[in-house]
Amino acid sequence: MRKVMYTTNAIESVNSSLRKVTKKGFFENENSVFKIFYLRITGELAKKWNNAKMQNWAKVLNQLSCLDETSDRIARYIR
């Protein structure tokens, strides 16, 4: 499960993308940074990661659905 959820390359890819945005200028307040992050994640990163195949995702989903803490949350998104 950790291999899929905590892949270093995926995390570093997101971090580097967000660092690129923050290097470009000064922000008035914390909310403006959050807005920029939101736009970056929903724009560029969503396009990049939506078509990506996750290895062993069915296995991870099955393991997460067995846990009491996560089964209710996951059930909302499974159709």
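Computed from a prediction, not measured in an experiment: that's the story for all the values here.

1. Quick look at the overall build of the protein chain
Along the backbone of the protein chain there are 5 helices and 0 strands. For the protein chain, the N- to C-terminal ordering of α and β elements is α-α-α-α-α. Within the protein chain, the proportion of its 79 residues that are buried is 15%. Long-range contacts, defined here as pairs at least 24 residues apart, represent 49% of the contacts in the protein chain between residues at least 6 apart. For the protein chain, the exposed surface amounts to about 7,100 Å²; the carbon and sulfur share of it is 54%.

2. Here's the deal with the confidence of the model for the protein chain
Mean pLDDT for the protein chain: 77, with 82% of residues reaching 70 or above. Ranking the elements of the protein chain by mean pLDDT puts helix 1 (residues 2–5) last, at 56, and helix 3 (residues 30–50) first, at 83.

3. Comments concerning the environment of Ser 13
Along the chain, Ser 13 turns up in helix 2 (residues 8–22). A C-alpha to C-alpha distance of 9.2 Å links Ser 13 and Leu 45, two positions 32 residues apart in sequence.

4. With respect to the side chain of Arg 40
When you line up the elements, Arg 40 lands in helix 3. If we skip the residues at most four places from it in the chain, Arg 40 touches Ser 17, Leu 18, Lys 20, Val 21 and Leu 45.

5. Comments concerning the packing of helix 4 (residues 57–66) against helix 5 (residues 68–77)
Across the interface, helix 4 lies against helix 5 with an axial gap of 5 Å and an inter-helix angle of 115°. Of helix 5, the residues touching helix 4 (which contributes Leu 61, Leu 64, Ser 65 and Cys 66) are Asp 68, Thr 70, Ser 71 and Ile 74. Among the residues making up the contact of helix 4 with helix 5, the classes are represented as 4 nonpolar, 3 polar and 1 charged.

Thresholds applied
- Residues numbered from 1 in each chain as written.
- Predicted model: local features only at pLDDT ≥ 70, side-chain atom pairs only at ≥ 80, totals over all residues.
- Heavy atoms only, no water.
- Helix = DSSP H or I, 4+ residues; strand = E, 2+ residues; numbered from the N terminus.
- Buried < 20%, exposed > 50% of the residue type's maximum accessible area, 1.4 Å probe, protein only.
- Contact = heavy atoms within 4.5 Å.
- Areas by Shrake-Rupley, 256 points an atom, 1.4 Å probe, with all protein chains shown as cover.
- pLDDT = per-residue confidence, 0-100.
- Axes fitted to C-alpha atoms, helices over the stretch in contact; angles between N-to-C directions.
- Nonpolar A, V, L, I, M, F, W, Y, C, P; charged D, E, K, R; others polar.

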